[in-house]
Amino acid sequence: MKNKTLMTDFYELTMAQTYFKEGEKDEIAYFDLFFRKNPFQGGYTVSGGLEETIDYIKNFHFEKEEIEYLRSLGTFEEDFLAYLGSLSFQGDIYAVPDGTFVFPNEPVLTVKADIVTAQLIETALLANFNHGSLVTTAAKRITKEALDKKVMEFGARRARGIDSAIEASKYAYIGGCCGTSNTYAGMKYNIPVLGTMAHSLVTEKEDEYEAFLGYAKSNPDNCIFLVDTYDTLRSGIPNAIRVANDYLVPNGYPFKGIRIDSGDLAYLSKEARKMLDEAGFTEATICLSNGLDEYTIRDLVRQGAKFDSLGVGDNIAAAKERVGGVYKLVAIEKKGVVEPRIKVSNDSIKTINPGYKKTYRFYDKQNGYALGDVVSLALEEINKDHYTLVHPIDTWKRKELTNYQVKPLLLPIFKRGKLVYPQPALEEIQNYCEKQYQIFYEEITRIDNPHEYYVDLSDKLRVLKQNMIKEHQGKKLVKKLCEERN
């Protein structure tokens, strides 16, 4: 991966110079990356972007041309630029693996590093997480509504740029897609490449039969005809059957199937199935596409649509949603003592959870289902026999847990600048993501009105947060009284 250290917001650099000039460059800072709301009004988010973050951190350094560019801006002083020229990542990162089901307001990645480095990497970490998680979540929601039918990712031309399209193919595959139309992504990640044909091949010939025949002769082992260019039932399917009878079958080639990309997909697919079966092509498959999302796919299933696979592009690679991950300072280490920090807001959801923390997940020992998560201070020990989950705001909402296993969610990725995480193969991540889906109750994973999954704070963290809020409010009150007196 090319060095992308300058992929950071400009204000990160101006703040970094401030830390440097104030003599704080070696101060150890703790930052949490988390999000506040699941996308798609859903009950879960699937974490993504870790591989890109690992590559970014491994290549984190400023080269001469980048220093020269910064110098040309006339904003930065020479001693600071010299410092940047020697900078590399020497800190710690803990994160959840890609494919992990995560929930609002729990840390999904924690950075412990000098304040300058920790600040400079913010933009890239957020970009990686926000994009990777959005695509993986969209893909998982869509593939689950398709039940046992295959979903092909067709989103390259809809994605937000080439790099975004390539990454989207990978994360769609993690989320359950069987392959991609993106040939570059197939080569880079060893993802199955799939596809049919476009309307232009038909309109170029003007005669649909001749177009199908030419395609069959050049692609005899993989003939899936796009049949909706002119008239699906009166022209497209009859011509596909005709080519199968005239060329494919006599020459010993299979008639793989058809794709329908417009019209009433449920009705057309049922009629198409009848026509194919009556012509003796019971093994020919039907692929449906055209702006599909999890809701239209669910409706197709409910309406008894006849299909074997789906092609989905826009609503995976260019989903009209966002994850909204944020990256907040939660603690500063001074003389070996970790001091918590808090950002207080009038909007309670934007008041962060302070301190260096860990996230744990409870699992039912009998069936393996996830019961809830708790965010605690890093040095706390979680009781392994009995635990009470308490809502972080509405403390009267409680859930008593017994007969459970508890495991930390955040794994060490970098320690003292060294990569310590054994990166799994893509197939392993896809399998892990599917296993994650299976351990959550349907009430959490359903696409309509899902239950809120328990993500609570430990008693010690809740008390710390409440005390810091009160202290902040007290300081504000004192300041206001002083201003009034003056």
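Remember, predicted model here, so these are calculated numbers, not experimental data. (Residues numbered from 1 in each chain as written. Predicted model: local features only at pLDDT ≥ 70, side-chain atom pairs only at ≥ 80, totals over all residues. Heavy atoms only, no water.)

With 24 residues, helix α6 (residues 122-145) should cover 34 Å at 1.5 Å per step; its first-to-last C-alpha distance of 35 Å lies within 8% of that length. With respect to burial, α6 is a largely interior element, 21 of its 24 residues being buried. (Helix = DSSP H or I, 4+ residues; strand = E, 2+ residues; numbered from the N terminus. Expected span 1.5 Å × (residues − 1). Buried < 20%, exposed > 50% of the residue type's maximum accessible area, 1.4 Å probe, protein only.)

All right, on to the pairing of strand β11 (residues 309-312) then. Here β11 shows no split at all, with S309 and G311 on one side and L310 and V312 on the other all buried. Looking at chain direction, strand β6 (residues 150-153) and β11 are connected through four bridges and run parallel. From the neighbouring strand, E153 faces β11, where its bridge partner is V312. Looking at chain direction, strand β10 (residues 285-289) and β11 are connected through three bridges and run parallel. In the sheet register, L288 faces β11, and the bridge partner there is L310. Taking the sense of rotation as the criterion, the β-α-β connection linking β10, helix α13 (residues 294-302) and β11 turns out right-handed. (Pairing = 2+ DSSP bridges. Right-handed = clockwise from strand over helix to strand, strands pointing away.)

Before going further, it helps to spend a moment on the pattern of salt bridges. Tallying each qualifying case throughout the model produces 24 salt bridges. Measuring nitrogen to oxygen at the nearest pair gives 3.0 Å for the salt bridge that ties K21 to D79. Here K21 is found in helix α1 (residues 10-21), whereas its partner D79 is found in helix α4 (residues 78-85), with 58 residues between them in sequence. Using a relative accessible area of 40% as the deciding quantity, one classes K21 as partly exposed. Between K25 and D26 there is a salt bridge whose closest N-O contact spans 3.1 Å. A relative accessible area of 25% means that K25 is categorised as partly exposed. For D26, a relative accessible area of 56% puts it in the exposed group. Residues joined in a network through salt bridges with shared partners are K21, E77 and D79. (Salt bridge = Lys/Arg side-chain N within 4 Å of Asp/Glu carboxyl O.)

What the four strands build is an open sheet, ordered β18-β14-β15-β21; its pairing is mixed. Of all the strands in the sheet, just β18 (404-408) and β21 (455-457) have a single pairing partner and so form its edges. Each neighbouring strand pair of the sheet contributes to a mean axis angle of 25°, computed without reference to strand direction. (Axes fitted to C-alpha atoms, helices over the stretch in contact; angles between N-to-C directions.)

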